Amino acid sequence: AKRQGCGGYAIFDEPMHQQALQQLQIETDLRHALERGELCVYFQPIVALDHQGVQGFEALVRWQHPTLGLLSPAVFIPLAEDTGLILEMDFWVLETACKQLQAWQAAFPLGQPLTMNVNLSGRQFTRPDLLDRVDQVLQNTGIPGSCVKLEITETVLIENPQGVAVLLSELQERNIQVCLDDFGTGYSSLSYLNRFPVNQLKIDRSFVALLDTHSRESWEGQTRPSEQTEIVRAIANLAANLGLQVVAEGVENQEQLQYLQSIHCDSAQGYYFAPPLDSDGATEWLQQFLQ
Ligand code: C2E
Ligand code: CA
Ligand code: CA
Ligand code: CA
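Residues numbered from 1 in each chain as written. Chains lettered and ligands numbered in written order. Predicted model: local features only at pLDDT ≥ 70, side-chain atom pairs only at ≥ 80, totals over all residues. Heavy atoms only, no water.

Caption draft 1: Representation of the site of ligand 1. Around ligand 1 sit 23 residues in total, of which Gln 44, Arg 62, Asp 90, Glu 252 and Tyr 271 are the nearest. A distance of 2.5 Å is found between a nitrogen atom of ligand 1 and a side-chain nitrogen or oxygen belonging to Glu 252. Between an oxygen atom of ligand 1 and a main-chain N or O atom of Tyr 271, the distance comes to 2.8 Å. Relative to its unbound accessible area of 810 Å², ligand 1 is 84% covered by the protein chains. Among the detected pockets, ligand 1 sits in the largest pocket. Taken together, the elements giving at least two residues each to the shell around ligand 1 come down to strand S2 (53-65), helix H2 (73-83), helix H3 (86-107) and strand S6 (177-183). The element best represented in the shell around ligand 1 is S2, accounting for four residues. (Near = heavy atom within 4 Å. Polar contact = N/O pair within 3.5 Å; in protein donor to acceptor, adjacent residues only side chain to side chain. Areas by Shrake-Rupley, 256 points an atom, 1.4 Å probe, with all protein chains shown as cover. 1 Å grid on protein atoms, 1.4 Å probe; cavity = no way out; pocket = protein on both sides within 12 Å on 5 of 7 lines; lining within 4 Å. Sits in = over half its atoms within 2 Å of the grid points. Helix = DSSP H or I, 4+ residues; strand = E, 2+ residues; numbered from the N terminus.)

Caption draft 2: Region of the structure containing the coordination of the calcium ion (ligand 3). Only Asp 181 (OD), Asp 182 (OD), Glu 249 (OE) and Glu 249 (OE) from the protein reach the calcium ion (ligand 3) as donors, at distances of 2.2 to 2.7 Å. Counting residues between consecutive donors of the calcium ion (ligand 3) along the chain gives the motif D-D-x66-E. Separation of the calcium ion (ligand 3) from the calcium ion (ligand 2) amounts to 3.9 Å, with Asp 181 serving as a shared donor to the pair. (Donors = N, O, S within 2.8 Å, 3.2 Å for Na, K, Ca; no water.)

Caption draft 3: Fine view of the coordination of the calcium ion (ligand 2). Coordination of the calcium ion (ligand 2) by the protein comes from Glu 58 (OE), Asn 119 (OD1), Glu 151 (OE) and Asp 181 (OD), over a distance range of 2.2 to 2.4 Å. Of note, the donors binding the calcium ion (ligand 2) are all from one chain and are spaced E-x60-N-x31-E-x29-D.

Caption draft 4: Structural context of the environment of Glu 81. Tracing the chain through its elements places Glu 81 in helix H2. You can call Glu 81 partly exposed: its relative accessible area is 28%. Between the alpha carbons of Glu 81 and Ser 121 there is a distance of 7.7 Å; along the sequence they are 40 residues apart. Ignoring sequence-local partners within four residues, the contact set of Glu 81 consists of Ile 86, Ser 121 and Arg 123. (Buried < 20%, exposed > 50% of the residue type's maximum accessible area, 1.4 Å probe, protein only. Contact = heavy atoms within 4.5 Å.)

Caption draft 5: Molecular detail of H3. Between the first and last C-alpha of H3 there are 31 Å, a value that for 22 residues agrees with the 32 Å anticipated at 1.5 Å per step. For H3, every residue scored as buried is listed here: Ile 86, Leu 87, Met 89, Asp 90, Phe 91, Val 93, Leu 94, Ala 97, Cys 98, Gln 100, Leu 101 and Trp 104. (Expected span 1.5 Å × (residues − 1).)

Caption draft 6: Representation of unusual backbone geometry within the structure. Backbone geometry places Gln 52, a non-glycine residue, at a positive phi of 55°. One can find Gln 52 in the loop between strand S1 (39-48) and S2. In this structure Gln 52 comes out as partly exposed when scored by relative accessible area, which is 34%. Of note, the phi angle at His 264 is positive, near 65°, even though the residue is not glycine. On the secondary structure map, His 264 appears in the loop between helix H10 (254-262) and strand S9 (267-268).

Caption draft 7: View of the layout of surface pockets. Roughly 1,000 Å³ of internal volume is contained in the largest pocket. Lining of the largest pocket is provided by 38 residues; of these, Glu 58, Leu 60, Asn 119, Asp 181 and Arg 205 occupy positions nearest its centre. As a volume, the second largest pocket reaches approximately 450 Å³. If you trace the second largest pocket, you find 20 residues lining it, with Ala 48, Gln 55, Gln 112, Thr 115 and Lys 149 closest to the centre. Take the lining of the second largest pocket: its biggest share by element is three residues, from S2. Classifying every residue of the lining of the second largest pocket by side-chain character gives seven nonpolar, 10 polar and three charged. (Points joined across faces, edges and corners; volume = space filled by probe spheres on them. Nonpolar A, V, L, I, M, F, W, Y, C, P; charged D, E, K, R; others polar.)

Caption draft 8: Highlighting the pattern of salt bridges. Counted by the stated rule, this structure contains seven salt bridges. For Lys 202, the salt bridge goes to Glu 151, with nearest N and O atoms at 2.6 Å. Here Glu 151 lies in strand S5 (residues 148-153) and Lys 202 lies in strand S7 (residues 200-203), a separation of 51 residues in the sequence. With a relative accessible area of 0%, Lys 202 lands in the buried category. Take Glu 151: its relative accessible area is 1%, and that puts it in the buried class. Glu 170 is the partner of Arg 174 in a salt bridge, and the nearest nitrogen-oxygen pair spans 3.1 Å. The class for Glu 170 is partly exposed, based on a relative accessible area of 28%. (Salt bridge = Lys/Arg side-chain N within 4 Å of Asp/Glu carboxyl O.)

Caption draft 9: Expanded view of helix H9 (residues 227-242). In this model, H9 (16 residues) spans 22 Å end to end at C-alpha, consistent with the 22 Å of a helix rising 1.5 Å per residue. Backbone geometry just downstream of H9 places Gly 243 in the positive-phi region, at approximately 75°.

Here it is, written out as structure tokens:
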């Protein structure tokens, strides 16, 4: 900070000032991003590990900002949550993703139809019309609930356990699956799990990142299972005992994949298979993968 007269300090130095300005610009622009059609959805494949078949995709939102370029959700999701814009944004993503799924299901008819994972902010669980909106989207797009998986984080369960349990049961009645995202990073006690009707645990990529022997070596100075390996194994065992599916995210190499297969993880996603792709890119990926 620059020293000023009267012993005061300038509030910020130049780069920080720039950053604050950019933040402000992003906040103002975000209000119009949806109506101006600047948001888009990317799709990352999810692969079943037993037979290495494609199960479906996770929908991940992006913002094509007119001057700042393609922005990561890490930049604008927190802002969208603070301002409440997330409520509309999530449903736009859900609808866009279901329309895409409908096109893919028609173009690529499989024995087991493709599914779509969509992220829901915890804020959605405070709105009274959550189920109505979900029903509307399913009706508009003709996608059966059984092809949709909603991803929520553990914290949602803690903040409003009773209300959330009721809503999750309503989703189950529609055959919509519920996936606990970033599992292992939150604060939920494991005893919480069987109190909620959830179908899937998604192992956070911070655990998956430490699964290969290379990082185990650098971690401990020798090749032996790291704590992280044991955490992943424990999550998989827990899920199996509770009758839940296990998905791993952030799989980047074959070693991680082999370990996940060895502990009977059901499915996985990550750069090893494909990064999040735009609609055309994901269609091409599907074509090649199914060949
Ligand atoms: P997430 O739900 O945990 O999504 C996984 C993130 O990991 C994605 O980041 C994805 O691009 C990234 N990823 C995928 N494979 C790999 C890999 O192999 N290695 C590494 N290092 N990273 C990988 P992304 O797309 O930037 O999304 C960040 C977060 O933003 C998401 O984390 C999710 O919490 C949130 N988000 C994205 N789209 C939506 C949305 O439509 N609604 C809401 N509420 N949140 C969203
Ligand atoms: Ca997710
Ligand atoms: Ca995640
Ligand atoms: Ca995450």
